[in-house]
Amino acid sequence: MGLDHAVTKPHEALSALLADDLAKVNDLITERMASKHAPRIPEVTAHLVGAGGKRLRPILTLAAANLCGYDGPYHVHLAATVEFIHTATLLHDDVVDESAQRRGRPTANLLWDNQSSVLVGDYLFSRSFQLMVETGSLRVLDILANASATIAEGEVLQLTAATDLRTGEDTYLQIVRGKTAALFSAATEVGGVIAGADESIVQALFDYGDALGVSFQIVDDLLDYQGDSSATGKNIGDDFRERKLTLPVIKAIAKADEDERAFWERTIGKGKQEDGDLDHALSMLHKHKTLEATREDALHWAGKAKEAMQALPDHEIKDLLIDIADYVVARIN
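What you are looking at is a predicted structure, and each value in this text was computed from that prediction instead of being measured.

A count of helices and strands for the protein chain gives 17 helices and 2 strands. Rg of the C-alpha trace for the protein chain: 20 Å, near the compact-globule value of 20 Å for 333 residues, within the 12% margin. Seen along its three principal axes, the alpha-carbon backbone of the protein chain occupies a region of about 60 × 50 × 35 Å. Classification of the 333 residues of the protein chain by burial places 54% in the buried group. Contacts spanning at least 24 positions in sequence make up 76% of the contacts within the protein chain whose residues lie at least 6 apart. Of the accessible surface of the protein chain, which amounts to about 14300 Å², a share of 50% is contributed by carbon and sulfur atoms. On the protein chain, the mean spot of the 33 positive side-chain charges and the mean spot of the 52 negative ones are 2 Å from each other.

Bringing the packing of helix 10 (residues 199–226) against helix 13 (residues 247–254) into the picture now. One can describe the packing of helix 10 onto helix 13 by two numbers: an axis separation of 8 Å at closest approach and a directional angle of 75 degrees. Classified by the interaxial angle, the pair formed by helix 10 and helix 13 is roughly perpendicular. Mapping the contact onto sequence places Ile 218, Asp 221, Leu 222 and Tyr 225 in helix 10 and Leu 247, Pro 248 and Val 249 in helix 13. When its residues are assigned to classes, the contact of helix 10 with helix 13 shows 6 nonpolar, no polar and 1 charged.

Looking at the element boundaries, His 288 is found in the loop between helix 15 (277–287) and helix 16 (290–309). Ignoring sequence-local partners within four residues, the contact set of His 288 consists of Ala 252, Lys 255, Ala 256 and Glu 260.

On to helix 13. Since one α-helical turn is 3.6 residues long, residues separated by three or four positions face the same way. Within helix 13, 7 of the 8 residues are buried, which leaves it mostly tucked inside the rest of the structure. Along helix 13, the residues that are buried comprise Leu 247, Pro 248, Val 249, Ile 250, Lys 251, Ala 252 and Ile 253.

Mapped onto the secondary structure, Lys 244 falls in the loop between helix 12 (238–241) and helix 13. Each C-alpha atom of the pair Lys 244 and Ala 181 lies 18 Å from the other, and the pair is 63 residues apart in sequence. What Lys 244 contacts, discounting residues up to four positions off in sequence, is Asp 97, Gln 158, Ala 162 and Asp 239. At 3.2 Å, the side chain of Lys 244 forms a polar contact with the side chain of Glu 242.

Turning our attention to the nonpolar core. Core analysis: the biggest nonpolar cluster contains 100 residues, and Leu 14, Leu 144, Tyr 208, Leu 212, Trp 264 and Leu 321 have the highest contact counts within it. Broken down by element, the residue count for this core peaks at 14 residues, all from helix 10. In this structure, Tyr 208 is in contact with Leu 60, Thr 188, Ala 305, Ala 308, Met 309, Leu 321, Ile 324 and Ala 325, ignoring residues within four places of it in sequence.

Take the packing of aromatic side chains next. On inspection of all chains with the given rule, the structure shows 4 aromatic pairs. Ring geometry for Phe 184 against Phe 216: centres 5.3 Å apart, planes inclined by 45 degrees, an arrangement best described as tilted. Within this pair, whereas Phe 184 is found in helix 9 (residues 169–194), its partner Phe 216 is found in helix 10, the two being separated by 32 residues in sequence. Side by side, Phe 184 and Phe 216 carry an identical accessibility label, which is buried.

On to unusual backbone geometry. At Arg 243, a position not held by glycine, the phi torsion is positive, near 60 degrees. With respect to the element layout, Arg 243 can be found in the loop between helix 12 and helix 13.

What follows is about the pattern of salt bridges. Scanning the model with the defined rule gives 17 salt bridges in all. The closest approach of N and O atoms between Asp 238 and Arg 241, which form a salt bridge, is 3.1 Å. Taken together, the residues span about one helical turn, with Asp 238 and Arg 241 both in helix 12 at a distance of 3 residues. Judged by its relative accessible area of 16%, Asp 238 falls in the buried class.

Before going further, it helps to examine the environment of Gln 130. In this structure, Gln 130 sits in helix 7 (residues 114–134). Gln 130 gets classed as partly exposed once you look at its relative accessible area, which sits at 39%.

Moving on: the side chain of Asp 221. Position of Asp 221 relative to the elements: it lies in helix 10. For the buried Asp 221, which has no salt bridge, the nearest side chain bearing the opposite charge is Lys 179, at an N-O separation of 5.2 Å. Filtering out sequence-adjacent residues up to four positions away, Asp 221 remains in contact with Tyr 172, Asp 239, Thr 246 and Pro 248.

The next subject is the packing of helix 10 against helix 16. Between helix 10 and helix 16, the least distance of the axes is 8 Å, while the angle of their chain directions is 160 degrees. With respect to helix 16, the axis of helix 10 lies roughly antiparallel. The crossing of helix 10 and helix 16 is left-handed. Residue composition of the contact of helix 10 with helix 16, grouped by class: 17 nonpolar, 3 polar and 5 charged.

The rules behind the values
- Residues numbered from 1 in each chain as written.
- Predicted model: local features only at pLDDT ≥ 70, side-chain atom pairs only at ≥ 80, totals over all residues.
- Heavy atoms only, no water.
- Helix = DSSP H or I, 4+ residues; strand = E, 2+ residues; numbered from the N terminus.
- Rg over C-alpha atoms; globule rule 2.2 N^0.38 Å.
- Buried < 20%, exposed > 50% of the residue type's maximum accessible area, 1.4 Å probe, protein only.
- Contact = heavy atoms within 4.5 Å.
- Areas by Shrake-Rupley, 256 points an atom, 1.4 Å probe, with all protein chains shown as cover.
- Lys, Arg positive; Asp, Glu negative; His and termini not counted.
- Charge placed at Lys NZ, Arg CZ, Asp CG, Glu CD.
- Axes fitted to C-alpha atoms, helices over the stretch in contact; angles between N-to-C directions.
- Parallel < 35°, antiparallel > 145°, perpendicular 65-115°, else oblique.
- Nonpolar A, V, L, I, M, F, W, Y, C, P; charged D, E, K, R; others polar.
- Polar contact = N/O pair within 3.5 Å; in protein donor to acceptor, adjacent residues only side chain to side chain.
- Core = buried A, V, L, I, M, F, W, Y, C linked by side-chain atoms within 4.5 Å.
- Phe/Tyr/Trp six-rings, centres within 6.5 Å; stacked < 30°, edge-to-face > 60°.
- Salt bridge = Lys/Arg side-chain N within 4 Å of Asp/Glu carboxyl O.
- Left-handed = near helix turned anticlockwise from the far one by under 90°.

In C-alpha cells, the structure reads:
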C-alpha cells in the first residue's frame, strides 16, 4: 500500500525531478523481467509492477545517488534491484497471508496460483542479484544481500509472533525493521555507497531510510484500523481478520483488563472470530487511545528520518526527502 490522496505529493515531485533516471529504471525492469522460456514470469510480474505502485524504494535509491553527486550508470541498476526485491517479497507475502487483493486489484496468487507467485518471486530475487553483481561493488552486494536476509527474517519472526499475545513493542519494532525498514535503508544507503559518498553521509542516508521505513509501516498498520479502503486498496480490519498483532493492538493488550485480554486471546490468539468482533476491537482501541498513541510513534520515527537528513548538504532533493517523511505521516490526518 502506498502514498495516496493529498494536495501536494512530494514523492511525485521527486519522480518528476528524477524522471529520466526513472524511465531508465522502468526500461531495465521490463528488460530483466522477460523470460525466453517461461512466459508466465513477465505476465505475473507485469500484473504487480503495473498495479500503480509508487516506485518509492527505487526513487529513494536514485535520489540518494543524485544527492551525493553520482554521475555513473549503476544507480539505475540498484534502483531496479530494489524494486525487484520489493516485488518478490510482495508475491511471497500474498501467498503467506492468503491475500486476495493488493493495491485494489486481485493478487497474483488469486489470478494464477500460489506456485506461480512463489516461483516468480524466486526468479525476481535471482534477477536482483544479477543486477547487483553488474555494479562491481562488493559492498553494495553485501548491503542488499543483508537486507534480503533481514526481510525474510522479519517475515518469519512475524509468523511466530503475530498471534502470540506476549509479543511486545520491542518485538514489533524488530519485525518492522526487518520486513519493511530493511529495504528502505538499503535503498538509500546503496545510493550513497555507489556515489562514493563520505561515510558520515552514507550513515545518515541509512538512518533516514531506516526511520522512514519504520514510520511507513506504523502508518500502514494504523490505516488498517482507520483508513479509507478506497484509498488504501485494503479493507478496514484486514490485519485483525488475519490475526496480525500490530502496534495499535499490542498497545491495547498492554492496557487490557481480564475480559479484554480474553477477547484478544480468542480473536487473535486462537483465531475464533465472530460477527461484531471487529467493532468490539475498534471500541477497545478507542477506549485505550491506542490509535492516537500509535500515531505519536509514527510521528516520532518521521522526526528521526528528518533529523538524519540534516547531515546532508543543501539540495532540492534533500528538501523533498524531508517532505516525504512528513507526508508518510500525513496519510493518517
